[in-house]
Amino acid sequence: MQVTDIGNKEEGKIWHRKPAQNKCLFITVVRSGKQGKTVRFHHVTFDTTGESFLAGDHHGNIYVFDISRNRFRLVQKTGLACTALAFSLRRTTEFLVALADYSIKCFDKDTKQLVSWMRGHEGAVSSISVHGSGRYAITTSSDTAQLWDLDTFQRKRKLNIRQSVGIQKVFFLPLGNTILSCFSDDSIFAWESESLSCKYQLPVPEEGPRVHYKAFAVTRDGKNLAAGGRSNLLHLWCLDSRQLVRVLQMPAVVRTVRQLHFLPDSFDGGASQTLGVLSQDGVMRFVNIHTCKLLFHLGSTDQAITTATVSPNGRHVAAVMDDGSINVYSVHSLSQDLNKPPALRTTVVSCCEEGDSTSHLTVKVRSEVKQRPVKTSGRRPRAKAHRPPAVDSLTDDKENELPAGLNKKRLVALLQAFGEYPAKYRMFVWRSLLCLPENHGAYSSLTDKGLHGAYLSLHNKYPIKSHKLQRGLQRVLSALAHWAAIFGETEYLPLVAFPFVKLFQNNPLLCFEVVATVIVNWCQHWFEYFPNPPLNVLSMAENVLAHHDPELLQHLAERGITSQLYIWPLLETLFSEVLTRDEWLRLFDNVFSNHPGFLLMACVAYVTCCRAPLLLCTQKQDFEYFFHHRNNLDMGSLVQEAYRLTASTPTPIHPRGLLAAFSPLTRGQYPVFNHYPEFVVQYHGRERERIRQQELEYLQERQAVSELRAECVRRQASEEAYYAQEELLRQAEEQRRNILAQEEEKLTQQRTRLGAMKREMKLKELHLTDVSRRRFLTHQQELRASHLQKLDRDISRKMDLREQETAAAVQDLEIRQIELETQRKLLEQELLKEQVRVGRQVEEEVEVRMRRAERDEGDNRDLLQDAETNLQALEESLAEACQLGVDRDWEREVGQRMEGLAVDGERKRERLAEVHTETLCQQHRLLNTVGDMHGWKWDEVMSARAQLQEEAQPSTSANTDPERPVTLRSPCPTRGLPLRPSAGATVSQPHANATATASPAGGGGGGGGLRLNSPSPPGSTSTNFSLDRGRAHLDSGERQLMRDVRELRRKLASAQARGGRGGASDSAASSQAAWSPTPAPQ
């Protein structure tokens, strides 16, 4: 056998020396990682040619192994462990990988590129099935199955089920368009792959035990289906007739079927006859489904197979082993009967009739004599588990028959001949001798309860260097304690179980059942005096010793040594303390092959064989040491002595008569063990619980005390550190104070020297200061004299400048006064012109209206003369109505013109306000300028300003003379109104002049008069004028204008009334009526 370690290589050769043709194990592939750890492979799958296969490890690396080319290559690093692999049938370079993150990825093995990424599952994908055309693929998880289109890599359909019913597997049938779905309730449905309609359902077998389908296999022609599960029964279905045609019963060692694979044959036309069955023990058995013969098998209990796959051409089988390696087997070397042409005569197996039950279809698989188990390793040959017994063994008693075809009588003869069983097959022989039932379900129910409370702190009492061995011992003891309450209180139980745990540490189920079998059979009556040692059992051994060696027993009795000291230490440890491993195994080969009383004979034989040293011992400590440590003893002599004692001991005291014969454990469930005082165990349990509670309280108190102690220690340490730091600070302070005292003394000396030097320097400085002071005084006198001269020149120059500035300011004031006077005159002229223009417009409009009225009056008079006399009254009323309309029109027009004139007056007032504001700003600037003119000649400047004010006073009084004629007219609107007679005009003019000239006399710019040249107050520094000048004049003119308008209306109404009456002779009367007092319109 060749072993290839690919390590971290990305490509290389699979084997370096071509394997022999007759070797069934082709090659073993392993991968070692860092620090010598093995990287385990998880899944393998072949391509369509069967000459290369994919393999994925738990690091996510995908390798391609080409057997025909002897090459392997790393094609992808996914980073996640793969859960399923499959090749794409259409594109041979592509393959599908299901990863641990529930996704499916498609890669190209040549380019190592990711082709597509498919998501949709919420659980781990357990299988991938590709359609024969390569177009579709089905991925299956425990909760759903999904159909994918491999051309677009899109999900086409999804199979949803109830949560209570799980999916076991969904796959395509070969050579067809049928999808087979298998569920956890053993129901199997067939679907059409295109329409996904249900074609049929296979009937669930109602009779016989339930199989709980887990594994499925279909022949290449798609006609037969094999199904297996948690049973040793296999169901063979005919998919054409949709009937169960056969039930195969595998050997008793097969309890669960993990995988099923049909082995293709070149001459069977796709109807495969060889079925590979991978069971829970890691052995893959190949049987013929027609002859029901076991052809060969792969793997063993030591080298178990985890998963396997068969190449499509039927040449190779790739299996992932329990240690993570990959074994590639050659099918041709395994069986010469395969791939041969069929014989001329064949046996046809007929199906049962419809009325028959499935029990008639059950056929037991039997092994052939010619076939031998395949050896996968030269170092560990397999036991021949399927070799049938010889012909003469059929006549032996049934009590000598053992499982797996072994015979107890022959084994005893072999043991007596060689003194021990072969080391390779010892565990297998023990399993057969003890008839272990391997109750997986019952053991799982015990282990599911977890660790027992009595063994949680087992590592404190029995420390073991190997953690794995420690956990195994703890697990087995907990299972025993859950099986029977006595085993949670038995203190010596770890000593009894330890040697078996060490032997069966890789198989805890076998270890538990071996220990349980030993307790049930070889530890009979041990627990009747619990918690004391079994005095009845020890009395049996003491009676045997008294019969065969009374002298030695007398010596032990004289020294006060009882059977509890020289028999019980051997029993409670099962000789593990006084024997080596090989000696112990030889002893228990004989113990398991004989009656349970042989163990007591072995104890007595050990004492008698050590007779000489025991007779020399006189102290109790010596005896205790002797029976707890190894001694120089020949194992062969011990076994022979035990057999001699067994043969020569009388029946009354023989343990065979007092102990029951060997009784194996029952299958399915373990027997009830109650051979002990229950009240004592219950009392111990309560006491142990009480002690445990007290221990918990004690631990809590101790934890609190330890925390307090730690806190005290921490505080003490902090205080000590604080005091130490304070001491250091005090010492540092004293040291610094000493340094400061020394420095101060040095400074005092230096200051004394410096004082003397300063006095000398001071005297020199005083002398130099006196010299320099005299020189400085002389220099200062000269500088002051020159400075006084410069000041005199500056004073005279500034006086000249001030005089010039004052004269310029006076000239500026005079010019500003002239400008203001000119602006006043211009404004008066503009106002006069505007008044004249408005008056002319009003006169023109009045004349036009008077002419129009006269023309209308003449027309009316002509009409009235031609009219009838009886219509005069009506015409008079019409004339009055027309007069009223004309009056309203005149009033409306006069109001509009007055509003327009008022707006113009307001605009002019705003203009005057702006001029006034500008003048005030100029005045303020002038004040600032005049305020800056101060100096030595301020009195002269003030006197000059006083003279200017006195000169300006006469001119101001002249401008405000009341006898001066005012040519300003009232700005009130008179446009469009008839003028009064000339006498009225002449009278209104003096009234206006009187109003304009009376306002200044009223004093101080009040009453609405316009004052453009009013004098400034005595204390003012600039010329002021009032903007309210002429306001009273305008108001009086407005009132006078309203009186004129009323008068004109009255005259016009009287004239129209007079013309309406139509009599020239009545002019005097009309004149009298026109001047009659009528109420003036308001």
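Residues numbered from 1 in each chain as written. Predicted model: local features only at pLDDT ≥ 70, side-chain atom pairs only at ≥ 80, totals over all residues. Heavy atoms only, no water.

### As for the environment of Asp322
As a reminder of what qualifies: Secondary structure elements follow DSSP: runs of H or I of four or more residues count as helices, runs of E of two or more count as strands, with numbering from the N terminus. By the convention used here, residues are in contact when the closest approach between their heavy atoms is within 4.5 Å.
Note on placement: Asp322 falls in the loop between β29 (316–321) and β30 (326–330). Ignoring anything within four residues of it in the chain, the contact list for Asp322 reads Arg40, Ala304 and Thr306.

### Notes on the side chain of Ser127
With respect to the secondary-structure elements, Ser127 resides in strand β12 (residues 125–130). With sequence-adjacent residues up to four places away left out, Ser127 is seen in contact with Ala84, Ile138, Thr139, Thr140, Lys169 and Val170.

### Here we look at the sheet that holds strand β8 (residues 82–87)
Using the following cut-off: By definition, two strands form a pair when at least two bridges between them are found by DSSP. Working convention: axes come from line fits to C-alpha atoms, limited for helices to the stretch in contact. Angles between N-to-C directions cover 0 to 180 degrees.
On the basis of which strands lie adjacent, the open sheet formed by four strands has the order β8-β9-β10-β11 and antiparallel pairing. Bordering the open sheet on either side are β8 and β11 (114–118), each of which pairs with just one other strand. Pairwise comparison of adjacent strand axes, ignoring direction, gives a mean angle of 20 degrees for this sheet. Sheet topology places strand β10 (residues 104–108) next to β11; four bridges connect them, and they run antiparallel.

### Digging into helix α13 (residues 581–592)
This is how the line gets drawn: Helices are assigned an expected span. That span is 1.5 Å times one less than the residue count. Whether a residue is buried, partly exposed or exposed follows from its accessible area with a 1.4 Å probe, protein chains only, as a fraction of its type maximum: under 20%, in between, or over 50%, in that order.
An ideal rise of 1.5 Å per residue puts 16 Å on twelve residues; α13 measures up with 16 Å between its terminal C-alpha atoms. Residues of α13 that are buried: Trp584, Leu585, Leu587, Phe588, Asp589, Asn590, Val591 and Phe592. On its buried face, α13 sits against α2 (408–418), α3 (426–434), α7 (493–503), α8 (508–522), α14 (598–609) and α17 (635–648).

### Considering the pattern of salt bridges
Two side chains bearing opposite charge may form a pair once their charged atoms approach each other closely. For the record, the criterion: Any carboxyl oxygen of Asp or Glu that lies within 4 Å of a side-chain nitrogen of Lys or Arg is treated as forming a salt bridge with it.
Tallied over the full model, the rule gives 38 salt bridges. A salt bridge links Arg714 to Glu711, with the nearest nitrogen and oxygen atoms 2.1 Å apart. Of this pair, Arg714 and Glu711 both sit in helix α19 (residues 678–866), separated by three residues, roughly a single helical turn. Residue Arg737 is joined to Glu733 by a salt bridge in which the shortest nitrogen-to-oxygen separation is 2.8 Å. Of this pair, Arg737 and Glu733 are both found in helix α19, four residues apart, which corresponds to roughly one turn of the helix.

### Some remarks on a negative patch on the surface
Condition: Patches draw on residues past 30% relative accessible area with no salt bridge. Two like charges within 9 Å are joined, as are two nonpolar side chains (Val, Leu, Ile, Met, Phe, Trp, Tyr) within 5 Å. Values of accessible area rely on a 1.4 Å probe in the Shrake-Rupley scheme; residue burial ignores everything except the protein chains shown. Residues counted as positive are Lys and Arg, residues counted as negative are Asp and Glu, and His and the chain ends are not counted. Where a charge lies is defined by one atom per residue type: Lys uses NZ, Arg uses CZ, Asp uses CG and Glu uses CD.
Where like charges cluster on the molecular surface, the negative patch consists of Asp856, Asp859, Asp862 and Asp866. Position of Asp859 among the secondary structure elements: in helix α19.

### Section: the nonpolar core
The test is simple: The set of buried Ala, Val, Leu, Ile, Met, Phe, Trp, Tyr and Cys residues whose side-chain atoms join them within 4.5 Å is what this entry labels a nonpolar core.
If you look at the biggest cluster of nonpolar residues, it comprises 99 residues, and the most contacted ones within it are Leu480 and Phe575. Beyond its immediate chain neighbours, meaning those up to four positions away, Phe575 contacts Leu570, Trp584, Leu587, Leu599, Ala602, Cys603 and Tyr606. Residues Val29, Val44, Phe46 and Phe72 belong to the second largest nonpolar core, which totals 20 residues.

### Observations concerning the packing of α7 against α13
Heads up, the rule is: Convention used here: angles under 35 degrees read as roughly parallel, angles over 145 as roughly antiparallel, angles from 65 to 115 as roughly perpendicular, and any remaining angle as oblique. Any residue that is not Ala, Val, Leu, Ile, Met, Phe, Trp, Tyr, Cys, Pro, Asp, Glu, Lys or Arg is counted as polar, Gly included; the first ten are nonpolar and the last four charged.
The interhelical angle for the contact between α7 and α13, taken along N-to-C directions, is 105 degrees, at an axis separation of 13 Å. In terms of their interaxial angle, α7 and α13 are classed as roughly perpendicular. Contact with α7, carried on its side by Pro499, Phe500 and Leu503, involves Arg581, Trp584, Leu585, Phe588 and Phe592 of α13 and no other residues of that element. In terms of residue class, the contact of α7 with α13 is made up of seven nonpolar, no polar and one charged.

### Here's the deal with the sheet that holds β30
The strand order across the open sheet formed by five strands is β1-β3-β30-β29-β28, and the pairing between neighbours is mixed. At either end of the open sheet lies a strand with only one pairing partner, and these are β1 (3–5) and β28 (305–310). Direction aside, the axes of adjacent strands within the sheet are offset by 20 degrees on average. Where β1 meets strand β3 (residues 25–30), three bridges bridge the pair, whose relative direction is parallel. Its bridge partner being in β3, Val3 is matched across the sheet by Thr28.

### Details of unusual backbone geometry
In this structure, Tyr102 takes a positive phi of about 70 degrees despite not being glycine. Among the structural elements, Tyr102 can be located in the loop between β9 (94–99) and β10. The backbone phi angle of Lys112 is positive, close to 60 degrees, even though this residue is not glycine. In this structure, Lys112 sits in the loop between β10 and β11.

### Thoughts on the pairing of strand β18 (residues 188–192)
The pairing of strand β17 (residues 178–183) with β18 spans five bridges and is classified as antiparallel. Looking at β18, one finds that Leu180 is bridged to Ala190. Where β17 folds back on β18, the antiparallel hairpin that results is connected by four residues, among which Asp186 adopts a positive phi of roughly 70 degrees. Two elements, β18 and strand β19 (residues 198–202), share four bridges in a ladder whose sense is antiparallel. Note on β19: the bridge partner recorded for Ala190 is Tyr200. Counted between consecutive antiparallel strands, the loop separating β18 from β19 contains five residues, among which Leu196 sits at a positive phi close to 55 degrees.

### Overview of helix α10 (residues 550–558)
Our working definition: To obtain the arc, one takes the directions from the helix axis to the C-beta atoms.
Where α10 is concerned, the buried positions are Leu552, Leu553, His555 and Leu556. Seen end-on, α10 carries its buried residues on one side only, within an arc spanning 155 degrees. More than 90 degrees from the buried face of α10, the exposed residues found are Pro550, Glu551, Ala557 and Glu558. Its buried side turned inward, α10 meets α9 (535–548), α11 (563–566), α14, α15 (611–616) and α16 (620–626).

### Observations concerning the packing of aromatic side chains
For clarity, the cut-off: Note on aromatic pairs: the rings of Phe, Tyr and Trp (six-membered ring only in Trp) are paired at centre separations within 6.5 Å, and the planes decide the class, stacked below 30 degrees, edge-to-face beyond 60, tilted for the rest. Lysine NZ or arginine CZ positioned within 6 Å of the ring centre and within 35 degrees of the ring normal marks a charge as sitting over the ring.
Per the counting criterion, the structure on display carries 37 aromatic pairs. Centre to centre, the rings of Trp522 and Phe662 are 5.7 Å apart; their planes meet at 50 degrees, and the pair counts as tilted. Here Trp522, found in helix α8, pairs with Phe662, found in the loop between α18 (655–658) and α19; they are 140 residues apart in sequence, far enough to count as distant. For Trp522, a relative accessible area of 5% puts it in the buried group. With a relative accessible area of 25%, Phe662 lands in the partly exposed category. A centroid spacing of 5.7 Å and a plane angle of 85 degrees characterise the contact between Phe527 and Phe673, whose relative ring orientation is edge-to-face. Taken as a pair, Phe527 in the loop between α8 and α9 and Phe673 in the loop between α18 and α19 lie far apart in primary sequence, 146 residues in all. There is no split in this pair, since Phe527 and Phe673 are both buried. The ring centre of Trp117 lies 4.2 Å from the NZ or CZ of Lys105, which sits over that ring. The residue whose ring lies beneath Arg849 is Trp890, and the NZ or CZ to ring-centre distance is 3.8 Å.

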